[in-house]
Amino acid sequence: MTNSIQTAQQWLHDADALLITASNGFSITEGLNLFAQDSKVKTVIGDLAEKYRLPNLLSAMSYNYPDALDRWRVYARVAEYYQYNYHPGELMDKLRQVIGDKPYFIWTSNVDHHFALADFDQLLEVEGNWQTASCSTHPKEHAHVDIRETLHQIYEKDQAGTLTDADIPSCDECGAPLAMNVPGPAFQMDQAQVAKFESFINQYQEKKILVLELGIGPQNQLIKAPSMQLVAGNDQSHYITINKGQLYIPDVIGDRSIGFSSTILDAFDALITGKGKVDVQGPTAPAPKMTAAEKKQQDEMLQKFYPSYTINRGIRPG
Ligand SMILES: [Zn+2]
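Note that the structure is predicted; figures quoted are calculated from it, not measured.

J.: What's the story with the overall build of the protein in this structure? I'm lost.
T.: Within the protein one finds 14 helices and 10 strands. Its C-alpha atoms give the protein a radius of gyration of 21 Å, near enough to 20 Å, the size a compact globule of 318 residues would have. With the principal axes as the frame, the protein shows a C-alpha extent of 65 × 40 × 35 Å. Here the protein has roughly 15,200 Å² of accessible surface; of this, 48% comes from carbon and sulfur atoms.

Pasting the structure below:
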């Protein structure tokens, strides 16, 4: 008899392509918790945490600093800590093992840019990342400036006490100050990433696609809802979700879904080795055929969570 772990392995093996979706839980596994109200924010941004009474990293990155230099100090300290000195570890290694030689695409709301820094280049960062800026005056036209080295230089000058207003990064095209490209009125999703994503979805949405969901809480519907809908709309597709204590699998895809209520590392180990002492649920027996009215209700439920940008961009899967 085959157990759930072996079934999940079989789905991985049989898949034509993997759509990997990842959110907060994946970043937390790598040590970046935006919401935690602990001493971490002090460790990362030092005296500025106290100066502005910043409770966590999310507030540090989104605070409306009266002093532009302090804003860039914070950006630079966060970037130095989480990006400049980042070395992909066990989690990324195991993700690579799980992917094997399958075509894949990573769809994430994580802003730490770690997938790119770990050399996963098939990537859509729907909320941008903390290594990219856009022109504050012409965010559309002068978009997506890579500021990795700029941030490192700001950090070094900040530490040496030589940082001045002249170091505030400006647009090469027009000279206006740069702004971090994070969600807000001027946010620009990277259109090159969007184009690659559309092409991946077009190529595989009717094939044996496996959605591998990593650390996306049920309250985060931005990526979760459309990827589940993709699975609901394709009988050959499968869905594996990993989220300790927070599995949420709709009945309509229950017979093609497996949930690991475990750490991502433990689930990766199970997927790689075929065994492990992890809490695994599913797949369930196929649901009885729905009546037309039930189907309509189900569609309406899924529609409700559909993020408008995917509809507007015509990349609605399934
Ligand atoms: Zn500009």
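J.: Would you take a moment to explain the pairing of strand β2 (residues 104-108) for this structure?
T.: For β2, the buried fraction is high: five of the five residues fall into the buried class. Alternating residues of β2 divide into Y104, I106 and T108 and F105 and W107, and every residue in both groups is buried.

J.: Help me understand the pairing of strand β4 (residues 132-135), please; the structure alone is not making it clear to me.
T.: A regular strand carries its side chains on alternate faces of the sheet. Pairing geometry for β4 and strand β5 (residues 145-146), over two bridges, is antiparallel. Bridging from a neighbouring strand, A133 pairs with V145 of β5.

J.: Please clarify how the coordination of the zinc ion should be interpreted in this entry.
T.: Working reference: metal with six octahedral donors, ideal angles 90 or 180 degrees; metal with four tetrahedral donors, ideal angle 109.5 degrees. Surrounding the zinc ion are the protein donor atoms C135 (SG), H142 (ND1), C171 (SG) and C174 (SG), at 2.1 to 2.4 Å. With four donor atoms in place around the zinc ion and angles of 99 to 118° between them, the coordination shape is tetrahedral. Ordering the donors of the zinc ion by residue number gives the pattern C-x6-H-x28-C-x2-C. On the criterion of sequence distance, the pair formed by H142 in the loop between β4 and β5 and C174 in the loop between α9 (148-160) and β6 (178-180) is long-range, its members being 32 residues apart. Classification of H142 as buried rests on a relative accessible area of 17%.

J.: It is not clear to me how the packing of helix α7 (residues 90-99) against helix α12 (residues 264-273) should be interpreted in this structure. Could you clarify?
T.: Working note: a packed helix pair is described by the angle between its axes plus the distance between those axes. One can describe the packing of α7 onto α12 by two numbers: an axis separation of 10 Å at closest approach and a directional angle of 30°. Here α7 lies roughly parallel to α12, going by the angle between them. Of the two elements, α7 crosses α12, and the hand of that crossing is left-handed. Where α7 abuts α12, its residues E90, L91, K94, L95, Q97 and V98 lie against I264, L265, F268, D269, L271 and I272.

J.: Please explain the sheet that holds β6 as it appears in this structure.
T.: Think of a sheet as strands paired side by side through backbone hydrogen bonds, with each pair either parallel or antiparallel. The sheet built from three strands is open, its strands ordered β5-β4-β6 with antiparallel pairing. Each having just a single partner strand, β5 and β6 make up the two edges of the open sheet.

J.: Sorry, what's going on with the pattern of salt bridges here?
T.: Between side chains of opposite charge, a pair can form when the charged atoms approach closely. As enumerated under the stated definition, the model contains 10 salt bridges in all. Notably, a salt bridge pairs E50 with K42, separated by 3.2 Å at the nearest N-O pair. Judged by relative accessible area, E50 falls into the exposed class, the value being 55%. Look at K42 and you get partly exposed, because its relative accessible area is 46%. Residue K157 is joined to D167 by a salt bridge in which the shortest nitrogen-to-oxygen separation is 2.7 Å. Here D167 lies in the loop between α9 and β6 and K157 lies in helix α9, a separation of 10 residues in the sequence. On the basis of relative accessible area, K157 is assigned to the partly exposed category, the value being 35%. Residues joined by salt bridges that share partners form a network here, namely D47, K51, D70, R73, R77 and D158.

J.: For this particular structure, what's the right way to read the sheet that holds strand β7 (residues 209-214)?
T.: If you walk across this open sheet you meet the seven strands as β3-β2-β1-β7-β8-β9-β10, and the pairing is mixed. Edge positions in the sheet fall to β3 (123-125) and β10 (280-281), since each has one partner strand and no second.

J.: Looking at this structure, how should I read the nonpolar core?
T.: Across soluble globular proteins, nonpolar side chains have a tendency to be buried as a group. L95, L214, F260 and F268 are the most contacted members of the largest nonpolar core, which totals 34 residues. Taken together, the elements giving at least two residues each to this core come down to α1 (4-14), β1 (17-22), α7, β2, β7, β8 (238-242), β9 (257-260) and α12. Residue contacts for L95: discarding those within four places in its chain leaves I20, F26, I106, F115, F120, L214 and F268. If you look at the next biggest cluster of nonpolar residues, it comprises 33 residues, including V44, I45, A76 and W130.

The rules we used
Think of each chain on its own: its residues are numbered from 1, step by step along the sequence as written. A pLDDT threshold of at least 70 governs which residues receive local features in this predicted model, and a stricter bar of 80 or more applies before side-chain atom pairs are shown or counted, although totals over entire chains, interfaces and linings include all residues. Note that the side-chain values use all heavy atoms of the structure and ignore hydrogens as well as water. Helix numbering and strand numbering both begin at the N terminus, where a helix is a DSSP run of H or I of at least 4 residues and a strand a DSSP run of E of at least 2. Each radius of gyration is computed over the set of C-alpha atoms, and the globule rule expresses the reference value as 2.2 Å times the number of residues to the power 0.38. Every accessible area reported is derived by Shrake-Rupley at a probe size of 1.4 Å, with residue values counting cover from the shown protein chains alone. Partly exposed describes any residue whose relative accessible area lies between the buried limit of under 20% and the exposed limit of over 50%, with all areas from a 1.4 Å probe on protein chains only and scaled to the type maximum. Any two strands are treated as partners once DSSP identifies two or more bridges connecting them. Donor criterion used throughout: N, O or S atom within 2.8 Å of the metal, extended to 3.2 Å for Na, K and Ca. Water excluded; incomplete-looking sites may result. A four-donor site is called tetrahedral if each angle lies between 85 and 135 degrees; a four-donor site is square planar, and a six-donor site octahedral, when trans pairs exceed 155 degrees and the remaining angles lie between 65 and 115; all other cases are labelled irregular. Fitted lines through C-alpha atoms serve as axes, helices being fitted only where they are in contact, and the angles separating the N-to-C directions of these axes extend from 0 to 180 degrees. Working rule for angles: under 35 degrees goes down as roughly parallel, over 145 as roughly antiparallel, 65 to 115 as roughly perpendicular, anything else as oblique. Crossings are classed by handedness, with left-handed meaning an anticlockwise turn of the near helix from the far one by less than a right angle and right-handed meaning a clockwise turn. Whether two residues are in contact is decided by their heavy atoms: any pair within 4.5 Å suffices. What makes a salt bridge here is a side-chain nitrogen of Lys or Arg within 4 Å of a carboxyl oxygen of Asp or Glu, nothing more. To define a nonpolar core, start from buried Ala, Val, Leu, Ile, Met, Phe, Trp, Tyr and Cys residues and group those joined through side-chain atoms within 4.5 Å.

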